[in-house]
Amino acid sequence: MPYPEERLRRLRRTESLRRLVQETTLTRDDLVYPLFVVEGRAIREEISSLPGLYRFSADRLASEADEIQELGIPAVLLFGIPKRKDPQGSTAWKKNGPVQQAIRLLKRHAPGLIVMTDVCLCEYTSHGHCGLVQGAEVLNDPTLEALCRMALSHAEAGADLVAPSDMMDGRIRAIRRALDQAGFSHLPIMSYAAKFASAFYGPFREAAESAPAFGDRRSYQMDPPNRREAVREVLLDIEEGADIVMVKPALAYLDILREVRNACRHPLAAYNVSGEYAMVKAAAARGWIDGGRVMMEILLAIKRAGADLLITYFAKEAARALRAD
Ligand code: PBG
């Protein structure tokens, strides 16, 4: 029955009707807030490329955790920025590294807040690559052992979930085994399964001081044109033991999110990355767009594409907007 009998505008007439037939909803339960932790004391410095975000020393995290919990955000994802870097990234598994300290503080201060940790060497290596390097080559298998040590040190400090983001082959299997052997068989792994080599990570690399000193990450992160390969990455990581799979970045990769959603039944995370955040902030600061509305439209679109969890620098702002609803 087409027009004039059928009229889709009937259900759009009022706000209440629109709410009644709304297909996708965003809730605070979906949000994960990234936190950058530095070595030192009494540090809380704004990150210039990510306005509204700060680098914290572990001792300054308590009030931030209170605010995050008060806003109803269930989880944080920790990134560490060490003072000392070496070619092996060996500060990544230090018992008293910034992330390990932050985990202990957060679990003591706010036990209900889920503490996830990024597992990747790039913030800890002097060359800035996500793996061990020989000449111009980023080595796969020798990197796995380092990643396992890093994941284990996070587990021992009390992390609730580890999230490997390095894109080495076989790392989910290696980390799952290492965790199980050490008595952490209950600890979930969220795999950055389909992570693309993207220019959208620019502001993050400034925030985390993790830009590669030579070359780029295209020999291990995925090539942006490849959709089928993204599904292979996800299915392999599931076979290797991933509990949650992720697509990253989100906004330019909504088709990948949908493809992955249709290909598996695992919880699906999307990383709304630093460049996606920075673009909105920059345009809003110039008065070119309504930043708050664009934020909500983007987050809803990521959910509509198929994501269950949204890792986003907007988490606090979005939680505030959702609470006010
Ligand atoms: C790697 C890592 C990166 C991001 C999260 N984990 C950077 C990279 O791969 O270069 C990017 C996140 C963002 O841009 O918001 N440890």
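Structure's up top.
Residues numbered from 1 in each chain as written. Predicted model: local features only at pLDDT ≥ 70, side-chain atom pairs only at ≥ 80, totals over all residues. Heavy atoms only, no water.

S.K.: With reference to specific residues and values, describe the state of the cysteines.
M.R.: A complete count under the given rule lists 0 disulfides for this structure. The structure places no disulfide on Cys148, whose sulfur is separated from the nearest cysteine sulfur, that of Cys120, by 14 Å. (Disulfide = S-S within 2.5 Å.)

S.K.: Mind laying out the nonpolar core, listing which residues take part and the relevant values?
M.R.: Core analysis: the largest hydrophobic core is formed by 115 residues, its most contacted members being Phe36, Leu78 and Met190. Residue contributions to this core peak at 9 residues, all from helix 4 (residues 141–157). Among all residues touching Leu78, those that are not within four sequence positions of it are Leu35, Val37, Val99, Ala102, Ile103, Leu106, Val115, Met116, Thr117 and Asp118. (Core = buried A, V, L, I, M, F, W, Y, C linked by side-chain atoms within 4.5 Å. Buried < 20%, exposed > 50% of the residue type's maximum accessible area, 1.4 Å probe, protein only. Helix = DSSP H or I, 4+ residues; strand = E, 2+ residues; numbered from the N terminus. Contact = heavy atoms within 4.5 Å.)

S.K.: Quick one: what's the story with the pattern of salt bridges, residue by residue and with numbers?
M.R.: Taken as a whole and assessed by the stated rule, the structure comprises 18 salt bridges. Ionic pairing is found between Asp180 and Arg176, a salt bridge with its closest N-O pair at 3.0 Å. One end of the pair is Asp180 and the other is Arg176, both in helix 5 (residues 171–181) and 4 residues apart, which spans about a single turn. Note on Arg176: relative accessible area 12%, which makes it buried. For Lys281, the salt bridge is made with Glu317, and the minimal N-O distance between the two is 2.8 Å. One end of the pair, Lys281, is in helix 9 (residues 274–285); the other, Glu317, is in helix 11 (residues 315–324), with 36 residues separating them in the sequence. (Salt bridge = Lys/Arg side-chain N within 4 Å of Asp/Glu carboxyl O.)

S.K.: Now, about the packing of helix 4 against helix 5: what can you tell me, with residues and values included?
M.R.: Between helix 4 and helix 5, whose axes approach to 9 Å, the crossing angle comes to 45 degrees. In terms of axis orientation, helix 4 runs oblique to helix 5. In the packing of helix 4 onto helix 5, the handedness of the crossing is right-handed. Where helix 4 approaches helix 5, its residues Leu144, Leu147, Cys148, Ala151, Leu152 and Ala155 are matched on the opposing element by Arg171, Ala174, Ile175, Ala178 and Leu179. (Axes fitted to C-alpha atoms, helices over the stretch in contact; angles between N-to-C directions. Parallel < 35°, antiparallel > 145°, perpendicular 65-115°, else oblique. Left-handed = near helix turned anticlockwise from the far one by under 90°.)

S.K.: Any chance you could break down empty space enclosed by the protein for me, citing the residues and the numbers?
M.R.: Rolling a probe over the atoms, with the probe sized like a water molecule, indicates the empty space that remains. Applying the stated criterion across every chain, the model contains 1 cavity of 30 Å³ or more. In this structure, the largest cavity occupies an estimated 150 Å³ of space. Of the residues contributing to the lining of the largest cavity, the split by class is 8 nonpolar, 4 polar and 6 charged. (1 Å grid on protein atoms, 1.4 Å probe; cavity = no way out; pocket = protein on both sides within 12 Å on 5 of 7 lines; lining within 4 Å. Points joined across faces, edges and corners; volume = space filled by probe spheres on them. Nonpolar A, V, L, I, M, F, W, Y, C, P; charged D, E, K, R; others polar.)

S.K.: For the packing of helix 10 (residues 291–305) against helix 11, give the residues involved together with the corresponding values.
M.R.: Packing of helix 10 against helix 11 leaves a shortest axis separation of 11 Å and a crossing angle of 95 degrees. By the criterion of interaxial angle, the relationship of helix 10 to helix 11 is roughly perpendicular. Together, Met295, Met296 and Leu299 of helix 10 and Glu317, Ala318, Ala321 and Leu322 of helix 11 make up the contact between the two elements. In terms of residue class, the contact of helix 10 with helix 11 is made up of 6 nonpolar, no polar and 1 charged.

S.K.: Now, about the environment of Ile81: what can you tell me, with residues and values included?
M.R.: Mapped onto the fold, Ile81 is located in strand 4 (residues 75–81). Considering only alpha carbons, one finds Ile81 and Arg18, 63 residues apart in sequence, at a separation of 45 Å. Ile81 has contacts with Phe36, Val37, Val38, Glu39, Arg55, Pro98, Ala207, Ala208 and Glu209, leaving out every residue within four places of it along the chain.

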